[in-house]
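Structural features, examined
Given next are the chains, with one letter for each unit.
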Amino acid sequence: ENRPIPEPGPNEVLLRMHSVGICGSDVHYWQHGRIGDFVVKAPMVLGHESSGTVVKVGSGVTHLKPGDRVAIEPGVPREVDEFCKSGRYNLSPTIFFCATPPDDGNLCRYYKHSASYCYKLPDNVTFEEGALIEPLSVGIHACKRAGVTLGSKVFVSGSGPIGLVNVLVAKMMGAAAVVITDLSASRLQKAKEVGADFTIQVKDETPQEVASKVESLLGCMPEITVECTGVEACIQAGIYATRSGGTLMLVGLGPEMVTVPILNAAVREVDIRGIFRYCNTWPVAISLLASKQINVKPLVTHRFPLEKALEAFEITKRGEGVKVMLKCDPTDHNP
């Protein structure tokens, strides 16, 4: 539908949107109208993996000017609460977040956003790389919280876009070996392309069988498991697979209640940690992309103009390809 072009407030910028990636959560809202406690009660614009060009700046904005290319961090705290003060603003209960009800996302031609959460892209970083900073940030935040370091052995469960960015980041941070699992052979092939050392195509193995396959491929149990599916059996496999004293990161979101072998984790001192999105990751990600330390380009497998958004969402829903990009600027469909 046509909507009026928004007017930026004093600390906001108006952006001409360029590239917006489709996330599994966008598809979930479209299909189910809710994710956990977040329920769609009124029409909502989707999209939160994005980049664009500044066309207008508010009176208080000094670090950006019209013409600047920016990547957008979709989560903006509404108040300086205890979480903001401690640097963990992603946990602020009143945070604004693109395409999380009731907040609109940015899958549109023009969009206004807090200037502090728009980050200027260097000339050698494309709009699509800028949009991919959002999923990449999940990998950065997860691997940091997991403590991936030089020589780590890492098991990544699930080879969707989030599993793949965790492979990229874990290798970047010094992981010596990364093994990844998935049901799909084509997704595992993509994982190989981005740096996974070993792949396991899961068919009907028990969680314990998956864990022992992981151990035999790595030559030991991994210190770190990054679970990106949210599937109960995969979380179980994650606990069984992780070395005693290691860390299991829960990144994928599934049902609210899951049955897990919690005693197995407890008596072996396996730390179970979660993440909620990310914080303080955009500057890091931009540095990594600009210095070519990390390459996210292979993640984009499909591109559609904004007018064909429905087709793009259908492809994502069917699980085809990896990352589907929507191009919102009719005059520029370049990456």
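See the structure printed just above.
Residues numbered from 1 in each chain as written. Predicted model: local features only at pLDDT ≥ 70, side-chain atom pairs only at ≥ 80, totals over all residues. Heavy atoms only, no water.

Before going further, it helps to examine the pattern of salt bridges. Pairs can form between side chains of opposite charge whenever their charged atoms are close. Inspection of every chain in the model, using the stated rule, returns 18 salt bridges. Of the charged contacts, one joins Glu7 and Lys56 as a salt bridge, the two residues approaching to 2.7 Å between their closest N and O atoms. On the criterion of sequence distance, the pair formed by Glu7 in the segment before strand S1 (12-21) and Lys56 in strand S4 (residues 49-57) is long-range, its members being 49 residues apart. Residue Lys65 is joined to Asp68 by a salt bridge in which the shortest nitrogen-to-oxygen separation is 2.9 Å. (Salt bridge = Lys/Arg side-chain N within 4 Å of Asp/Glu carboxyl O. Helix = DSSP H or I, 4+ residues; strand = E, 2+ residues; numbered from the N terminus.)

Taken together, the six strands give an open sheet; going across it, the order is S12-S11-S10-S13-S14-S15, and neighbouring strands pair in parallel fashion. With one partner strand each, in any of the chains shown, strand S12 (198-201) and strand S15 (271-274) form the two edges of the open sheet. Here the strands of the sheet are splayed against their neighbours by 15° on average, with no regard to which way each runs. The pairing of strand S14 (residues 247-250) with S15 spans four bridges and is classified as parallel. Bridged to Leu250 within S15 is Gly274. The strands that helix H6 (residues 207-218) touches are strand S10 (153-157), strand S11 (177-182) and S12; relative to S12, the one it contacts most, it runs at about 155°. (Pairing = 2+ DSSP bridges. Axes fitted to C-alpha atoms, helices over the stretch in contact; angles between N-to-C directions. Contact = heavy atoms within 4.5 Å.)

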